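Inside the fold
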Amino acid sequence: MAAAANNNNRSDHDSDDGNTRLYNPYQNFEVPIKSQYLYKLPTSPEYLFTEESLKQRRSWGENLTFYTGTAYLGGSLAGATVGIFSGVKNFESGDTTKLKINRILNSSGHTGRTWGNRVGIIGLMYAGIESGVVAAMDRDDVWTSVVAGLGTGAVFRAARGVRSAAVAGALGGLAAGAVVAGKQVVKRYVPI
């Protein structure tokens, strides 16, 4: 009898439907509750409108955080790697081990911060432009990413002149298109 009461108090029962779980609001009160008073709660996110459930996309804030954070982290790691080689290249013949380590740490820290900030800003601009294009065109496809790459490259190099902005925009569009196409190829051919 006590075992049956314990089973009824559990909130993580597996139900017949794989999309719901049983929830008992009285589970911490140690009272026997009949199974008819358990609630079936969905395990997937709930949406207010059906249009929201059809779109499998991050929000603009999540998009901004993801692209900026990953770009900053990637830029910092790449910059720190370049800084290590730069620090090793700047060794002098009379340097002690402590001084060599100090050169490596200073060089990798400075270069890592610089690269991280630059690439993080590129990620921030890309995320903002992509979210703006998605909101304006109300679709999310390969061309949205290409337009965001074009805009990011052009804005990033706009201070250096029109020609530099056009070249950077073209390179940004090509890079964004290549990344999205590569992602689709990986999704299709790599079993994950």
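Look a little higher up for the structure.
Just so it is clear, the structure is predicted and the values come from calculations on it, not from any experiment.

Broken down by element type, the protein carries six helices and two strands. Starting at the N terminus and ending at the C terminus, the protein contains elements arranged as α-β-β-α-α-α-α-α. Put simply, the protein has 192 residues, and 25% of those count as buried. Summed over all atoms, the accessible surface of the protein reaches about 13900 Å², with 61% contributed by carbon and sulfur.

This paragraph deals with the layout of surface pockets. For the largest pocket, the calculated volume is near 1200 Å³. If you go around the largest pocket, you meet 38 residues; those closest to its centre are Tyr67, Tyr126, Glu130, Ser145 and Val180. Among the secondary structure elements, those contributing two or more residues to the lining of the largest pocket are α3 (60-89), α4 (97-137), α5 (142-156) and α6 (162-189). When residues of the lining of the largest pocket are assigned to their parent elements, the largest contribution, 10 residues, is made by α6. Residues belonging to the lining of the largest pocket are distributed by class as follows: 16 nonpolar, 11 polar and 11 charged.

Take the side chain of Ser108 next. Looking at the secondary structure, you find Ser108 in helix α4. Residue Ser108 is classed as buried on the basis of its relative accessible area of 12%. Side-chain polar atoms of Ser108 contact the backbone oxygen of Leu105, separated by 3.3 Å. Ignoring sequence-local partners within four residues, the contact set of Ser108 consists of Gly79, Ala80, Gly83 and Ile84.

In this section: the environment of Ser44. Relative to the assigned elements, Ser44 resides in the loop between β2 (39-42) and α2 (50-54). Exposure remark for Ser44: the relative accessible area of 43% places this residue in the partly exposed category. In this structure the C-alpha to C-alpha distance between Ser44 and Thr20, which are 24 residues apart in sequence, comes to 8.0 Å.

Moving on, we come to the packing of α5 against α6. For any two helices packed against each other, one specifies the crossing angle of their axes together with the interaxial distance. Orientation of α5 relative to α6, taken along the N-to-C sense of each, is 150 degrees, at an axis distance of 6 Å. As summarised for this structure, α5 and α6 are arranged roughly antiparallel, according to the angle between their axes. Crossing of α5 over α6 shows right-handed handedness. Along its contact with α5, which presents Val142, Ser145, Val146, Gly149, Leu150, Gly153 and Ala154, the element α6 presents Ala165, Ala168, Gly169, Ala170, Gly172, Gly173, Ala176, Gly177, Val180 and Gln184.

Thresholds, definitions, all that
- The numbering scheme is per chain: residues are counted from 1 as the chain's sequence reads.
- Per-residue local features of the predicted model are confined to residues with pLDDT of at least 70, and side-chain atom pairs are confined, for both listing and counting, to 80 or more; whole-chain, interface and lining totals are unaffected and use all residues.
- No hydrogens and no water enter the side-chain calculation; it runs on all heavy atoms of the structure.
- Only DSSP runs of H or I with at least four residues qualify as helices, and only runs of E with at least two residues qualify as strands; both kinds are numbered from the N terminus onward.
- Using a 1.4 Å probe on the protein chains alone, a residue whose accessible area is under 20% of its type maximum counts as buried, one over 50% counts as exposed, and one in between counts as partly exposed.
- What sets the accessible areas is the Shrake-Rupley method with a 1.4 Å probe; for residues, cover comes only from the shown protein chains.
- Both site types are read off a 1 Å grid over the protein atoms alone. A 1.4 Å probe that fits but cannot get out defines a cavity, while an open set with protein on both sides within 12 Å along at least five of seven lines defines a pocket; lining residues have an atom within 4 Å of a point.
- Grid points are joined across faces, edges and corners, and a volume is the space filled by probe spheres set on the points.
- Any residue that is not Ala, Val, Leu, Ile, Met, Phe, Trp, Tyr, Cys, Pro, Asp, Glu, Lys or Arg is counted as polar, Gly included; the first ten are nonpolar and the last four charged.
- Polar contact criterion, stated in full: a pair of N or O atoms within 3.5 Å, where within protein one must be able to donate a hydrogen and the other to accept it, and residues adjacent in sequence count only if both atoms are side-chain atoms.
- What makes two residues a contact is simply this: any of their non-hydrogen atoms within 4.5 Å.
- For helices, the fitted axis covers only the stretch in contact; all axes are lines through C-alpha atoms, and the angles between them, taken along N-to-C directions, range from 0 to 180 degrees.
- Here is the rule for angles: anything less than 35 degrees is roughly parallel, anything more than 145 is roughly antiparallel, 65 through 115 is roughly perpendicular, and the remaining ranges are oblique.
- Each crossing gets its hand from how the near helix is turned against the far one by less than a right angle, where anticlockwise is left-handed and clockwise is right-handed.

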